[in-house]
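Architecture and fold: a report
Residue strings, one per chain:
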Amino acid sequence: MADHIPLHPVPRSTQRRTAYYTSVPAAQRHNSRYQVEDESSHLDEMPLMMSEEGFENDESDYHTLPRARVSHRKRGLEWFICGGWKFLCASCCDWLINICRRKKELKARTVWLGCPEKCEEKYPRNAIKNQKYNFFTFIPGVLYEQFKFFLNLYFLVVSCSQFVPALKIGYLYTYWAPLGFVLAVTMVREAVDEFRRYQRDKEMNSQLYSKLTIRGKVQVKSSDIQVGDLIIVEKNQRIPSDMVFLRTSEKTGSCFIRTDQLDGETDWKLKVAVSCTQRLPALGDLFSISAYVYAQKPQLDIHSFEGTFTRVGLLDLELNQLTKALFLALVALSIVMVTLQGFVGPWYRNLFRFLLLFSYIIPISLRVNLDMGKAAYGWMIMKDDNIPGTVVRTSTIPEELGRLVYLLTDKTGTLTQNEMIFKRLHLGTVSYGTDTMDEIQNHIVNSYSQMHSQSSGNSTSSTPSRKVQSSAPKVRKTVSSRIHEAVKAIALCHNVTPVYESHAGVTGETEYAEVDQNFSDENRTYQASSPDEVALVQWTESVGLTLVNRDLTSMQLKSPGGQILTYYILQVFPFTSESKRMGIIVRDESTGEITFYMKGADVAMSTIVQYNDWLEEECGNMAREGLRTLVVAKKSLTEEQYQDFENRYNQAKLSIHDRALKVAAVVESLEREMELLCLTGVEDQLQADVRPTLEMLRNAGIKIWMLTGDKLETATCIAKSSHLVSRTQDIHIFRPVISRGEAHLELNAFRRKHDCALVISGDSLEVCLKYYEHEFVELACQCPAVVCCRCSPTQKAHIVKLLQHHTGKRTCAIGDGGNDVSMIQAADCGIGIEGKEGKQASLAADFSITQFKHIGRLLMVHGRNSYKRSAALGQFVMHRGLIISTMQAVFSSVFYFASIPLYQGFLMVGYATIYTMFPVFSLVLDQDVKPEMALLYPELYKDLTKGRSLSFKTFLIWVLISIYQGGILMYGALLLFESEFVHVVAISFTALIFTELLMVALTIRTWHWLMVVAEFFSLGCYVASLAFLNEYFGIGRVSFGAFLDVAFITTVTFLWKVSAITVVSCLPLYILKYLKRKFSPPSYSKLTS
């Protein structure tokens, strides 16, 4: 951050001089709890003024502009009736909300170094908090989350109605026991999830850091760091908060920082400490200067991210819609019953009683069954040995994994390992790969041994020969000399710094690490702003030419023979995304030669180097192999040429107007007719099995978008090497656009392309979305793959929301860095990879995996099974409530539409729990195909994205089945048991239990031993309960006084008639299912057969 810190010394009235510094705030992590309103958003509502040129260019634009609002102000009663009441209510609500949640005004602050107590206001704690509730809000919060669903709210109203004597139709526990059980299970699950979040937060907040005080160092927890504290951050330690870089152990004040938690890039970036504090003799002197940091107010930037805590799956929303449809059916059925009754007496009371009688149409056990099923799915995922280390952090949406259409993935650390390996060196006539690098090493050893022998024999003999060689470039060089020049250029043209471990003891004062003069290889590491650069320097080390030291003015190389070669750095031209190249001018200490080296992308270097006939072709060949290419060139300069350049360069840097353009023009004057040395190919290693995993996801019908903050060339290269874009597909690179007209032309050009992948930069994307959002998303969604490069975290989240809004399909985001958190939390399903970039993405995601390849099994097996099982479970639970409500309707019709219950007390509670719960819940173990088959045929996943497993069509089929079976059971009981009419409750209820158990058996596709146990256990529980619950088996126990006749139910007549009713209710359905499977089999049945 030091490059953004202006220094302003302020005089004081005392004799002592004190330095004051302006910078960014320290130790503040919770900036996101404050929100800054964007005043520019109000400009969108204002009409725009266009110039005459604008009308001439595009008259249609005028019609798309928002028109100025012209309204006549209504007064009095007319205003109130025409919407004024809504305005008043909204204003009152806003006023109350503002009173309760008064936003804190953001303002600049003054932070005294090392003196948190001097802060003018209290700042938030430096603590990570991912918890949803606290001690006081847990119960109200959980109750709100449950009762915002129509299903649970309905049963709360029904249960409360039983306190009214005129509406009471049964025992209180008949309604309150199931509701209490549902809430208890939900609270336990939420409490477990909350405790896990608390433990994860505690682990992060308990990390220890060294805090510098007047009395020395003290250890403090990350959460106890305050604004103004002086924190000592050791090597390889995470920076715990936003900080100002005051001092480093290096004399120059430099330090390498990794920003993987901000932008996902794991390369090292050079930062320089504030010069005033760096020059202090010792750390303790920071307290002797009375200094403060003046910081601007918190801004919305890359360090902020959007987040949501609570997720609700699409299946839950669909089931919520179906329960509303069931409620309408319930009301309609109750009205029909009261109408047939003739509206006699207090009909409104009878209407409400019918609503209560038929309330089992909406099954309260639906929520608890689904929640328990989701917990079971999560347990199965975490216990799967094929995807070790997978963690389910959100247990409410596992079925979302089974219906994804869009997968948005990060690149660095997700698809790739961010480990660069040198793969290819091409010299034009000869190419070297990984298997022939030993030849290069032999050439380098021989070359430098000859130079060393010449210099030892005659110190001056080497100079003229090298000068002749450099001054006569037209003479054909040997392969050995060309390799020598190419390797030396790669070893010199970079911004890499070797860093050595300091062996000095740790004392109270920070000591400067002196570089070992022997330049030992054991404790040397390389740091640079790009992993490509490190890969190149590591390769030159492997072939014998080692970078051993570098500072601001020089660098030193070690030859294969151990000789130290010193080069003075005269100028450095850093890499920029515009220039796509970097350069360096060095002077050889031994010969005095001045050489300008440059390397860059082929598109930038092709016009700079001398004419050749191989560069373009070989760049294309390497790109097809997925290699990142760099062109290396050089130009020898005389002393006069360099002095002329330096004078013009310094003069351009002092220009007041158009400084950047003038500097660039001077540098470009050197970039002419440069000698082409070589072409390098570096591979960014992919994660294990990335290619087959992406192919599997494509075959499953999932469209993959890669969103990365990396360069366009790098992103395109990885898209090819990972087979995100297949070899046969074309790639349309969306050219940079900055205006509406350019975007219009480029979109038209893109529209003419067919079946091609799209590559677009974040800046161009912003312009397209500003003017042509709908058109762009429509075109992009037709592409087999999309690559968005140079994306900020906010843009990543925005793209996710665009896909959700425009397509209505389910999205999944996967990443591994802090810059992916906003994208992960914006998606319907977030997956985090726990990797080199820390745990931030993993902790914020719904699911955490250790490798990208695990996503295949997570979706194809667990996601598919979870969705199909939840759909079957939900519909079967609704069937269980519909069938008993149908029987109640038939029973009331027979008894002249009387509003009396057919089954009371424990029968109703037992029916939804102990008698049928275990067999129905055992459906969570069912599977249509084996996991190996689901992975082998990912096309099976396509069917799920259409939502056919749970739709209004399948719902209506189950409704018809329930009406048919309920009618058969009740009318069959009345028909076959006409002489024993008082036993109709025992007869019909027994047939109902048998039917439910048989329907579960007919629904199961793959038997599990627990399913068999559940069937026989439930049947045994029912048979055993007949002896204890005989008082309930009468028709209206109070009214009729009929009790269970044990002798009667043990007769053969009872058994065969109950069996006959059960067979009639189930056999036709089995026949229909068999015929459908035979003549129109589902896709999975073709594989299982």
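This one's a predicted model, so the numbers in the text were calculated from it and none came from an experiment.

Right, let's get into the overall build of the chain. Along the backbone of the chain there are 40 helices and 28 strands. Relative to its full complement of 1089 residues, the chain shows a buried share of 50%. Within the chain, contacts between residues separated by at least 24 positions form 73% of all contacts whose residues are at least 6 apart in sequence. Here the chain has roughly 53700 Å² of accessible surface; of this, 58% comes from carbon and sulfur atoms.

Attention shifts here to the confidence of the model for the chain. Summary statistics for the chain give a mean pLDDT of 78 and a share of 80% for residues scoring 70 or more. In the model, residues 1-75 has pLDDT below 50 throughout and makes 107 contacts with residues more than four positions away in sequence or in other chains. Across residues 504-517, confidence stays below pLDDT 50; counting only partners more than four residues off in sequence or on other chains, it has 26 contacts.

For the structure shown, the criterion picks out 27 salt bridges. The partner of glutamate 533 in a salt bridge is lysine 599, and the shortest N-O contact between them spans 2.3 Å. A residue pair is termed long-range when its members are at least 10 positions apart, and glutamate 533 in helix α16 (residues 531-542) and lysine 599 in strand β19 (residues 594-600) qualify at 66 residues. Residue classification places lysine 599 among the buried residues on the basis of a relative accessible area of 5%. Between arginine 587 and glutamate 639 there is a salt bridge; the shortest N-O distance is 2.9 Å. In this pair, arginine 587 sits in strand β18 (residues 581-588) while glutamate 639 sits in helix α19 (residues 639-653), placing the two residues 52 residues apart along the sequence. On the basis of relative accessible area, arginine 587 is assigned to the partly exposed category, the value being 22%. Connected via shared salt-bridge partners are Lys132, Arg189, Glu190 and Asp371.

Contact geometry of helix α35 (residues 984-1003) with helix α36 (residues 1009-1025) gives a least axis separation of 11 Å together with a crossing angle of 175 degrees. On the basis of their axis angle, the class for α35 and α36 is roughly antiparallel. Across the interface between the two elements, Ala986, Phe989, Thr990, Ile993, Phe994, Leu997, Val1000 and Ala1001 from α35 touch Glu1015, Ser1018, Leu1019 and Tyr1022 from α36.

Let's shift gears to the pairing of strand β11 (residues 416-426). Here seven bridges tie β11 to strand β21 (residues 675-686), and the two strands are oriented antiparallel to one another. Opposite threonine 416, over in β21, you have leucine 686 as the bridge partner. Across two bridges, β11 lies against strand β12 (residues 431-432) in antiparallel orientation. By the bridge assignment for β12, histidine 426 is matched with serine 431. Counting the residues between successive antiparallel strands, the hairpin from β11 to β12 contains four residues, one of them, glycine 428, with a positive phi of roughly 105 degrees.

This part covers the UniProt feature "transmembrane region" (unreviewed entry) in the chain. As annotated in UniProt, the feature "transmembrane region" (unreviewed entry) corresponds to residues 173-192, 325-345, 905-925, 955-975, 981-1002, 1009-1028 and 1048-1072 in the numbering used here. In residues 173-192, the share of helix is 100% and the share of strand is 0%. The end C-alpha atoms are 27 Å apart. Along residues 325-345 one finds 81% helix and 0% strand; the C-alpha atoms at either end are 29 Å apart.

Turning our eyes to something else, we now look at a nonpolar patch on the surface. Taken together, the side chains of Val1063, Leu1067, Tyr1070, Ile1071, Leu1072, Tyr1074, Leu1075 and Phe1079 present a nonpolar region at the surface, about 820 Å² in accessible area. With respect to the secondary-structure elements, tyrosine 1070 resides in helix α39 (residues 1052-1079).

With that out of the way, let us pick up unusual backbone geometry. Despite not being glycine, histidine 723 has its phi angle at roughly 65 degrees, a positive value. Looking at where histidine 723 falls in the secondary structure, it is placed in the loop between α22 (712-721) and β23 (730-733). Given a relative accessible area of 27%, histidine 723 falls into the partly exposed group.

Next up on the list: the sheet that holds strand β24 (residues 756-761). With respect to topology, nine strands assemble into an open sheet ordered β9-β28-β27-β26-β10-β22-β25-β24-β23, the strand pairing being mixed. Where the open sheet ends on each side, the last strands, each with one partner, are β9 (391-392) and β23.

Two descriptors summarise a pair of aromatic rings, namely the distance from one centre to the other and the angle between the planes of the rings. Tallying each qualifying case throughout the model produces 20 aromatic pairs. Between phenylalanine 876 and tryptophan 958 the ring centres are 5.5 Å apart and the planes differ by 65 degrees, which places this aromatic pair in the edge-to-face class. Of this pair, phenylalanine 876 sits in helix α29 (residues 854-894) while tryptophan 958 sits in helix α34 (residues 952-976), and the two are 82 residues apart along the sequence. Note on accessibility: phenylalanine 876 and tryptophan 958 belong to one class, buried. Here the aromatic cluster, defined as three or more aromatic residues joined through ring pairs, consists of Phe573, Phe596, Tyr642, Phe645 and Tyr649.

Moving on: the nonpolar core. Of all hydrophobic cores here, the largest spans 94 residues; its most connected members are Ile831, Phe847, Ile855 and Leu859. Residue contributions to this core peak at twelve residues, all from α29. The contacts of phenylalanine 847, once residues within four sequence positions are left out, are Ile381, Val391, Val392, Thr394, Ile397, Pro398, Leu401, Cys829, Gly830, Ile831, Gly832 and Leu858. If you look at the next biggest cluster of nonpolar residues, it comprises 41 residues, including Phe422, Leu425, Ile483 and Leu536.

The next point concerns the sheet that holds strand β3 (residues 208-213). Sheets are built from strands paired through backbone hydrogen bonds, the pairs being either parallel or antiparallel. Within the open sheet, the three strands sit side by side as β4-β3-β5. Their pairing is antiparallel. The open sheet has two edge strands, β4 (216-221) and β5 (230-232), and neither has a second partner. Here the strands of the sheet are splayed against their neighbours by 45 degrees on average, with no regard to which way each runs. With three bridges joining them, β3 and β5 adopt antiparallel strand pairing. Directly across from serine 210, in β5, lies its bridge partner isoleucine 232.

What counts as what
Residues numbered from 1 in each chain as written. Predicted model: local features only at pLDDT ≥ 70, side-chain atom pairs only at ≥ 80, totals over all residues. Heavy atoms only, no water. Helix = DSSP H or I, 4+ residues; strand = E, 2+ residues; numbered from the N terminus. Buried < 20%, exposed > 50% of the residue type's maximum accessible area, 1.4 Å probe, protein only. Contact = heavy atoms within 4.5 Å. Areas by Shrake-Rupley, 256 points an atom, 1.4 Å probe, with all protein chains shown as cover. pLDDT = per-residue confidence, 0-100. Salt bridge = Lys/Arg side-chain N within 4 Å of Asp/Glu carboxyl O. Axes fitted to C-alpha atoms, helices over the stretch in contact; angles between N-to-C directions. Parallel < 35°, antiparallel > 145°, perpendicular 65-115°, else oblique. Pairing = 2+ DSSP bridges. UniProt positions renumbered as here; feature names shortened; annotations may be inferred. Patch = residues over 30% accessible without salt bridge, like charges linked within 9 Å, V, L, I, M, F, W, Y side chains within 5 Å. Phe/Tyr/Trp six-rings, centres within 6.5 Å; stacked < 30°, edge-to-face > 60°. Core = buried A, V, L, I, M, F, W, Y, C linked by side-chain atoms within 4.5 Å.

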